[in-house]
Every structure is written in structure tokens, then in C-alpha cells.
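One letter stands for each residue in the lines below.
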Amino acid sequence: MEDEFFPEFKALIAAMLDNITPRYTPLTQLARWQLIKLVAIAVIALLVLYGAFRLFVYLRMRKKDRRRLAQFRQILADVEGILCGPTDVAAARGGSPAAEDVSSSGGSAGGGTGGSVPDKAPSFVRQCAALGEQIDRHTNRPMNSRLVAMLSWRIACGTKMNAEQAAICFCSALTADIGLLDLPRSLFFREHLTKKERKLLRTQVQRAVGSISSVGFIPVAYLPFFIGSCLYRRENYDGSGYPEGLAGSAIPVLARIVRAVEDYTAMTEWRVYGHIAPLSPRAAVRELKKSAGIYDQRIVSIIEKLV
């Protein structure tokens, strides 16, 4: 068709094509192989560097976890000594039994909670730790209960609480999330929840009351403190929380401590199913300060001093 309509342009187009010079010189076969080798070496080097970085982060986290575990074990031993006395602890661990019954005194430092601790108090403390670990596995949050309990212990020691009350705060923080065991495990592997799933998640506090009352190893004298920290740990300081909308000092102090510490830990720790980098301790404290209506700012101030 071009020959019919544009015959006069054929010679002109041919001349133009002959005068066109290429803008690049094609690479030789050897040069192409060298370029491929350089790209392959660069990719391998990047992969090696990335693997080394991941290994460094993993080893650093393992070292950090070992340090935290050592701290947790030390606090656990201290709590056992406070709630049941060193003699009962030694007997429970296989040592020589005590010549006199020390369980009647409870080994409490300063009293304040009342009630005697049975001879199985060491088992009670260890079972709280085991229950916290079970909750962490169910909710896919490694070491969460231990971190919450350790910081709650440090906060309690920084207040006017006596040693026994601080020890109860530590144990109740380990088991505060027990209501989550009644919820489907798949719920804790999702980045976003539906409205129905969020409503289901809110029922955890009511579920916790029945669960904590039925575990069987918590001494009756301490049970009200455990129930209070489980039931009211989602209450807000301004009364906008749930389940009862309590405000200010009407919220049990253990519940206020657990509320602030749980959210602080959630902001500063990596989550297996999350994609948001954790905040630094200082940044997390700033976030807690911004939410004065949610958290007891006296507790937030103690957290700021501790971190």
C-alpha cells in the first residue's frame, strides 16, 4: 500500500535509514557475562548482609530475653519468700521441713491484706507463672505476662504498698488476661478485627471472673485482689471504660497498674502478627501521658522514672 501512495518517499526513507548511526555499541559476549557476574555477586552480598543482620538481631534479642528471664526468676523467688516465708520455700523445693509451722504468720511484710497463706504458697506462685505462660502461648505474645508482672512489681514497690501487697500485684498481673483463654486463638493472629470480633473481645473481663475463681490454687484471702485486677483492668480513669464505667480511685489500684503496664508493654514490644515497629520507652510514656483520661497519671509518672 505504501508503494501505491508514497512511491516518491522510498528513496528518501532509504537514504535516511542509511545515515542513521546507532546510539550505543552492543556489548560483547564477554562483557555481558562479566556484567551478569557482577550483578550476581552484588545480590549474594546483599543476601549475606541481610542474613548477618537478622542473626545479629536474633542473638541480641535472645540475650535480652535471657536477661529478662533471669530477672523474672529472681523476682519470682522474692515473691515466694514474701508470701510464704523462706522456710516454706525451702521445704517446697526439697529442703528440710521447718521445725515449726510458719504458715500461720503468712510471712507477710507489714500485713495489710489479711488471711493466712497455706503451705502450698510456693506452688501457688509458680502456678500463677505457669498460667501466665499458658495465656501468652494462647494469645501469641511471648513473655508478655512476665514483662507485665515484672513492671507491675516495680511500680508497686515504688508506691506505698507493703511487700505482701506488691507480691500480690505481681501474681495478679501474671493472670490478669485469663479471660482471653476462653476466646478463639485465631482472634490473636489478625491485624484488624471486625466489629463483632471486637465486641467478643470485650467479654474477656466477665469471662475472667469465672475463670480466676475456678483455677483452684489461689488462696481465698487473695482472690478478691485477683478478681479486681481481672474485672476492672479495662476501666478508664475518666469513667469511659468497661464493664462498669468506674472512675478515679473507685478503680482498684491493681487494675490501674495492670491497665497502664499492659498498654505500655504492647507499645514497646514486637508482636509476631504485627507490622508496626515498637515505640521506644520514652515515646511510649509520652503516649500514656497524652491519654490522661485513660491512665492514672501517678502510675505513668512511676513508669517514666523506672524506664
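Whatever comes next refers back to the structure up there.
Remember, it's a predicted structure, so these values are computed and weren't measured experimentally.

Draft legend 1. Representation of the overall build of the chain. Scanning the chain from N- to C-terminus turns up twelve helices and zero strands. Listed by position from the N terminus, the elements making up the chain come as α-α-α-α-α-α-α-α-α-α-α-α. Per-residue burial for the chain yields a buried fraction of 38% across its 307 residues. Long-range contacts, defined here as pairs at least 24 residues apart, represent 65% of the contacts in the chain between residues at least 6 apart. Split by element, the accessible area of the chain, about 18,300 Å² in all, is 60% carbon and sulfur.

Draft legend 2. Just the pattern of salt bridges, in detail. Taken as a whole and assessed by the stated rule, the structure comprises 14 salt bridges. Among the ionic pairs, Arg-234 bridges to Asp-263, the shortest N-O distance being 3.9 Å. Of this pair, Arg-234 sits in the loop between α9 (223-231) and α10 (253-268) while Asp-263 sits in helix α10, and the two are 29 residues apart along the sequence. With respect to class, Arg-234 is no different from Asp-263; both count as buried. Notably, a salt bridge pairs Asp-296 with Arg-298, separated by 3.2 Å at the nearest N-O pair.

Draft legend 3. How the structure looks around a nonpolar patch on the surface. A surface patch of nonpolar side chains, amounting to about 460 Å² of accessible area, comprises Leu-27, Leu-35, Val-39, Val-43 and Leu-47. Inspection of the secondary structure assignment puts Leu-35 in helix α3 (residues 29-92). Take Leu-35: its relative accessible area is 47%, and that puts it in the partly exposed class.

Draft legend 4. Here's a closer look at the packing of α10 against helix α11 (residues 281-290). Between α10 and α11, whose axes approach to 9 Å, the crossing angle comes to 135°. In this view, α10 runs oblique relative to α11, as classed from their interaxial angle. Crossing of α10 against α11: the hand is right-handed. Packed against α10, whose contacting residues are Ala-260, Asp-263, Tyr-264, Met-267 and Thr-268, the element α11 presents Pro-281, Ala-284, Val-285, Glu-287 and Leu-288 at the interface.

Draft legend 5. Looking closely at the nonpolar core. Val-79, Leu-83, Phe-124, Phe-170, Cys-171, Phe-226 and Ile-303 are the most contacted members of the largest nonpolar core, which has 54 residues in total. Those residues in contact with Ile-303 that lie beyond four places of it in its chain are Ile-155, Ala-260, Val-261, Tyr-264, Val-285 and Leu-288. Membership of the second largest hydrophobic core comes to five residues, among which are Tyr-232, Leu-246, Ile-251 and Ala-255.

Draft legend 6. Just empty space enclosed by the protein, in detail. Tallying each qualifying case throughout the model produces two cavities of 30 Å³ or more. Ile-135, Asp-136, Arg-141, Asn-144, Ser-145, Val-148, Ala-173, Leu-174, Thr-175, Ala-176, Asp-177 and Glu-262 are the residues that line the largest cavity. Of all elements in the fold, only α4 (121-139), α5 (144-157) and α6 (163-175) reach the threshold of two or more residues within the lining of the largest cavity. Across the lining of the largest cavity, the residue classes break down as five nonpolar, three polar and four charged. Here the second largest cavity defines a volume of roughly 40 Å³. Around the second largest cavity, the lining residues are Glu-235, Tyr-237, Arg-256, Arg-259, Ala-260, Ile-294, Tyr-295 and Asp-296. Among the residues making up the lining of the second largest cavity, the classes are represented as four nonpolar, no polar and four charged.

Rules used throughout
Residues numbered from 1 in each chain as written. Predicted model: local features only at pLDDT ≥ 70, side-chain atom pairs only at ≥ 80, totals over all residues. Heavy atoms only, no water. Helix = DSSP H or I, 4+ residues; strand = E, 2+ residues; numbered from the N terminus. Buried < 20%, exposed > 50% of the residue type's maximum accessible area, 1.4 Å probe, protein only. Contact = heavy atoms within 4.5 Å. Areas by Shrake-Rupley, 256 points an atom, 1.4 Å probe, with all protein chains shown as cover. Salt bridge = Lys/Arg side-chain N within 4 Å of Asp/Glu carboxyl O. Patch = residues over 30% accessible without salt bridge, like charges linked within 9 Å, V, L, I, M, F, W, Y side chains within 5 Å. Axes fitted to C-alpha atoms, helices over the stretch in contact; angles between N-to-C directions. Parallel < 35°, antiparallel > 145°, perpendicular 65-115°, else oblique. Left-handed = near helix turned anticlockwise from the far one by under 90°. Core = buried A, V, L, I, M, F, W, Y, C linked by side-chain atoms within 4.5 Å. 1 Å grid on protein atoms, 1.4 Å probe; cavity = no way out; pocket = protein on both sides within 12 Å on 5 of 7 lines; lining within 4 Å. Points joined across faces, edges and corners; volume = space filled by probe spheres on them. Nonpolar A, V, L, I, M, F, W, Y, C, P; charged D, E, K, R; others polar.

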